[in-house]
Amino acid sequence: MSLFRDDGIVLRTQKLGEADRIITLLTRGHGRVRAVARGVRRTKSKFGARLEPFSHVDVQFFAKGSELVGRGLPLCTQSETIAPYGGGIVTDYARYTAGTVMLETAERFTDHEGEPAVQQYLLLVGGLRTLARGEHAPHLVLDAFLLRSLAVNGYAPSFTDCAKCGMPGPNRFFSVASGGSVCGDCRVPGSVVPSPQALELLAALLTGDWDTADACEARYVREGSGLVSAYLHWHMERGLRSLRYVEK
């Protein structure tokens, strides 16, 4: 048996037997990891209370062999809370649904267990922290997280220059299949003509310009969220189950 230690965000939990759970975490050093936590479903288990979705924890694992992710699931033997983000999220419906989408997105973008995904991990930690503190509207935090997750995984959309030929923007048309904004010459069937304000908002969310994002009118926020959802679904090839519950 080998001992491993890492910090991570709890993405989800599954029941196992009468008192155990399988915990899925996105960790800093090992990417996505599934581990068995024994006895955590017992009513008086403080250990289990620390391993709930949205929790940022320091975790200790025992695994067979020299690798954390191998033939069998490692054991999660100890955890210490770094930040209980769930406390500021689960009591508010808008924050909870946005946070649930963030967890599902992070899991989907880390397909291969045991492979480090540091940028995705740091994005998730920062997103949940912002969401829990209520610094910005939950749907804006969610859209910013989704856009940046797409970017770090190689699917960064363009909201100004043409995504196909590079013609300087702003450009009128938007195509999810082409990678974002496109000029008149590169326009393809299915392109839409979003408002300039919606594109400006999405560019602000991608770059972290919160002054612009927070001041945006609600109708442009809804329009921008629709574009983000369409773009995300195109690149993930199948939708997120939790996204349907987000209030627009």
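Our structure's up above, just so we're on the same page.
Residues numbered from 1 in each chain as written. Predicted model: local features only at pLDDT ≥ 70, side-chain atom pairs only at ≥ 80, totals over all residues. Heavy atoms only, no water.

So, about the overall build of the chain. Counting its regular elements, the chain contains seven helices and seven strands. Reading the chain from its N end, one meets helices and strands in the order β-β-β-α-β-β-α-α-α-β-β-α-α-α. The C-alpha radius of gyration computed for the chain amounts to 20 Å, which stays within 12% of the reference 18 Å derived for 248 residues, consistent with globular compactness. Seen through its C-alpha atoms, the chain measures out along the principal axes to roughly 60 × 35 × 25 Å. (Helix = DSSP H or I, 4+ residues; strand = E, 2+ residues; numbered from the N terminus. Rg over C-alpha atoms; globule rule 2.2 N^0.38 Å.)

Another point: the packing of helix 5 (residues 196–207) against helix 7 (residues 218–236). Closest axis-to-axis distance for the helix 5/helix 7 pair is 8 Å, and the angle between their directions is 65°. For the element pair helix 5 / helix 7, the angle class is roughly perpendicular. Relative to helix 7, the crossing made by helix 5 is right-handed. Here Q197, A198, L199, L201 and L202 of helix 5 lie close against helix 7, whose contacting residues are Y220, V221, E223, G224, L227 and V228. For the contact of helix 5 with helix 7, a count of residues per class yields eight nonpolar, two polar and one charged. (Axes fitted to C-alpha atoms, helices over the stretch in contact; angles between N-to-C directions. Parallel < 35°, antiparallel > 145°, perpendicular 65-115°, else oblique. Left-handed = near helix turned anticlockwise from the far one by under 90°. Contact = heavy atoms within 4.5 Å. Nonpolar A, V, L, I, M, F, W, Y, C, P; charged D, E, K, R; others polar.)

Further remarks concern the packing of aromatic side chains. The description of an aromatic ring pair uses the distance of the two centres, along with the angle that the planes make with each other. With the rule as written, the count across this model stands at two aromatic pairs. With 6.0 Å between their ring centres and 65° between their planes, F54 and Y96 make a pair best called edge-to-face. Here F54 is found in the loop between helix 1 (46–49) and strand 4 (55–63), whereas its partner Y96 is found in helix 2 (residues 93–108), with 42 residues between them in sequence. With relative accessibility at 37%, the residue Y96 sits in the partly exposed group. Ring centres of F159 and F174 lie 6.1 Å apart, and the angle between their planes is 5°; this geometry places the pair in the stacked category. Here the residue F159 occupies a position in the loop between helix 4 (138–152) and strand 6 (173–175), and F174 occupies one in strand 6, the gap between them amounting to 15 residues. The exposure class of F174 is buried, given its relative accessible area of 2%. (Phe/Tyr/Trp six-rings, centres within 6.5 Å; stacked < 30°, edge-to-face > 60°. Buried < 20%, exposed > 50% of the residue type's maximum accessible area, 1.4 Å probe, protein only.)

A cluster of acidic residues, E200, D209, D211 and D214, forms a negative patch on the protein surface. Within the secondary structure, E200 is located in helix 5. (Patch = residues over 30% accessible without salt bridge, like charges linked within 9 Å, V, L, I, M, F, W, Y side chains within 5 Å. Areas by Shrake-Rupley, 256 points an atom, 1.4 Å probe, with all protein chains shown as cover. Salt bridge = Lys/Arg side-chain N within 4 Å of Asp/Glu carboxyl O. Lys, Arg positive; Asp, Glu negative; His and termini not counted. Charge placed at Lys NZ, Arg CZ, Asp CG, Glu CD.)

It is worth spelling out helix 4 at this point. Taking 1.5 Å as the rise per residue, helix 4 with 15 residues should run 21 Å; its terminal C-alpha atoms sit 21 Å apart, in good agreement. Buried residues dominate helix 4, accounting for 11 of its 15 residues. Buried within helix 4 are the following residues: P138, L140, V141, L142, D143, A144, F145, L146, L147, S149 and L150. Buried positions along helix 4 lie against helix 2, helix 3 (118–133), helix 5, helix 6 (210–214) and helix 7. Following helix 4 by one or two positions, G154 has its phi on the positive side, about 95°. (Expected span 1.5 Å × (residues − 1).)

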